[in-house]
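Single-letter residue listing:
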Amino acid sequence: MKTVKHPKQINNKAAVLIPIVNVDNQLHLLFQIRSHKLKWQPGDICFPGGKIEMEDINPEQTAKRETCEELGLSSNEITILGQLPKFIATLGMIIYPFVGKIDSIDNLKLNFDEVESIFTVPLEWFKKINLYMLQCKLGINQIMIFLITYYPIAQKTGKKDLNI
């Protein structure tokens, strides 16, 4: 099977935004559930982001552009707070992660071709969890898997909010 390259994308580099939002005067991380329409990783939980395109000035712009496309925001609604170290994900993809603040999630217009829904998790919750790490060998690669138990607190589908 031949891989077709998108001419505007840099093949093995992507950027993501780890978005911090204010929900009821408490800081939360925003997560996405990828659309089941997608061919690659449908239904996965992730942060907004995507491949770096040739027109992007830098990975930070990619993270903001992709977040705007996926969540229906304008770039001035996102404030980049900092960059985390880049890392190599599965299949050799180099990921550039950025932490940023989104002003409000009240008027998001999810791109349902890419995003099934979103949910938020209070930052406080991460102080209380037990994180389990497994190291596995997959072929010649050593991979780490992080396991946590999480029950969604709130989910936004673009139609209405659901409290679970």
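Residues numbered from 1 in each chain as written. Predicted model: local features only at pLDDT ≥ 70, side-chain atom pairs only at ≥ 80, totals over all residues. Heavy atoms only, no water.

1. Focus on the overall build of the protein
Note the threshold: The helix count covers DSSP runs of H or I at least four residues long, the strand count covers runs of E at least two residues long, and both are numbered beginning at the N terminus. To sort residues, take the accessible area from a 1.4 Å probe on protein chains only and compare it with the maximum for the residue type: under 20% means buried, over 50% means exposed, and anything in between is partly exposed. Contact between two residues is taken to exist if any of their heavy atoms lie within 4.5 Å; hydrogens are not considered. All accessible-area figures derive from a Shrake-Rupley calculation using a 1.4 Å probe, and residue coverage is judged against the displayed protein chains alone.
If you tally the helices and strands in the protein, you get 2 helices and 12 strands. The N-to-C order of helical and strand elements in the protein reads β-β-β-β-α-β-β-β-β-α-β-β-β-β. Within the protein, buried positions represent 34% of all 164 residues. Sequence separation of 24 or more characterises 58% of the internal contacts of the protein that already satisfy a separation of 6 or more. In the form shown here, the protein has an accessible surface area of approximately 11000 Å², with 57% of it arising from carbon and sulfur atoms.

2. Considerations on the pairing of strand E2 (residues 26-34)
Which entries qualify depends on this criterion: Pairing between strands requires that DSSP locate at least two bridges from one strand to the other.
Most of E2 sits out of view: 7 of its 9 residues are buried. Where E2 and strand E8 (residues 115-122) come together, 7 bridges link them in antiparallel fashion. Directly across from Ile33, in E8, lies its bridge partner Ser117. As paired strands, E2 and strand E3 (residues 45-46) are joined by 2 bridges and run antiparallel to one another. Paired with Gln32 across the bridge in E3 is Cys46.

3. What about the environment of Phe98?
Counting through the fold element by element, Phe98 comes out in strand E7 (residues 94-102). Each C-alpha atom, one on Phe98 and one on Leu84, is 5.9 Å from the other, the two residues being 14 residues apart in sequence. Apart from the residues lying within four places of it in its own chain, the contact partners of Phe98 are Ala15, Val16, Leu17, Ile18, Pro59, Glu60, Ala63, Ile80, Gly82 and Gln83.

4. Some words on helix H1 (residues 59-71)
Stated precisely, the cut-off is as follows: Working rule for helices: expected span equals 1.5 Å times residues minus one. Nitrogen and oxygen atoms within 3.5 Å of one another constitute a polar contact, given that in protein one can donate a hydrogen and the other can accept it, and given that sequence-neighbouring residues count only through two side-chain atoms.
The first and last C-alpha atoms of H1 sit 18 Å apart over 13 residues, in line with the 18 Å expected at 1.5 Å per residue. All buried positions along H1 are accounted for by Thr62, Ala63, Arg65, Glu66, Thr67, Cys68, Glu70 and Leu71. Backbone nitrogen of Glu60 and a side-chain oxygen of the N-cap are separated by 3.2 Å at the start of H1; the cap is Asn58.

5. Regarding the confidence of the model for the protein
So the rule is basically this: The pLDDT value expresses, per residue, how confident the predictor is, ranging between 0 and 100.
On average, residues of the protein score 80 in pLDDT, and 71% of them reach the 70 mark or higher. When pLDDT is averaged over each helix and strand of the protein, the minimum, 41, is found for strand E12 (residues 161-163) and the maximum, 97, for H1. Here residues 150-154 is modelled with pLDDT under 50, and outside its nearest four sequence neighbours on either side it reaches 15 contacts, counting other chains as well. Every residue in residues 157-164 scores below 50 in pLDDT, and together they form 18 contacts with partners more than four places removed in sequence or on other chains.

6. Digging into the packing of aromatic side chains
Stated precisely, the cut-off is as follows: In this analysis, rings of Phe, Tyr and Trp, with Trp reduced to its six-membered ring, are considered paired at centre separations within 6.5 Å, and the interplanar angle assigns stacked below 30 degrees, edge-to-face beyond 60, and tilted for intermediate values.
Within the structure shown, the criterion is met by 2 aromatic pairs. A centroid spacing of 4.9 Å and a plane angle of 25 degrees characterise the contact between Phe31 and Phe47, whose relative ring orientation is stacked. In this pair, Phe31 sits in strand E2 while Phe47 sits in the loop between E3 and strand E4 (49-53), placing the two residues 16 residues apart along the sequence. For Phe31, a relative accessible area of 14% puts it in the buried group. Among the aromatic side chains, those forming a connected cluster through ring pairs are Phe31, Phe47 and Phe119.

7. A closer look at the side chain of Glu70
Quick reminder of the rule: Here Asp and Glu are counted as negative and Lys and Arg as positive; His is not counted, and neither are the chain ends. One speaks of a salt bridge when a side-chain nitrogen belonging to Lys or Arg is within 4 Å of a carboxyl oxygen belonging to Asp or Glu.
You can see Glu70 is positioned in helix H1. No salt bridge forms around the buried Glu70; measuring N to O, its nearest opposite-charge neighbour Arg34 is 6.0 Å away.

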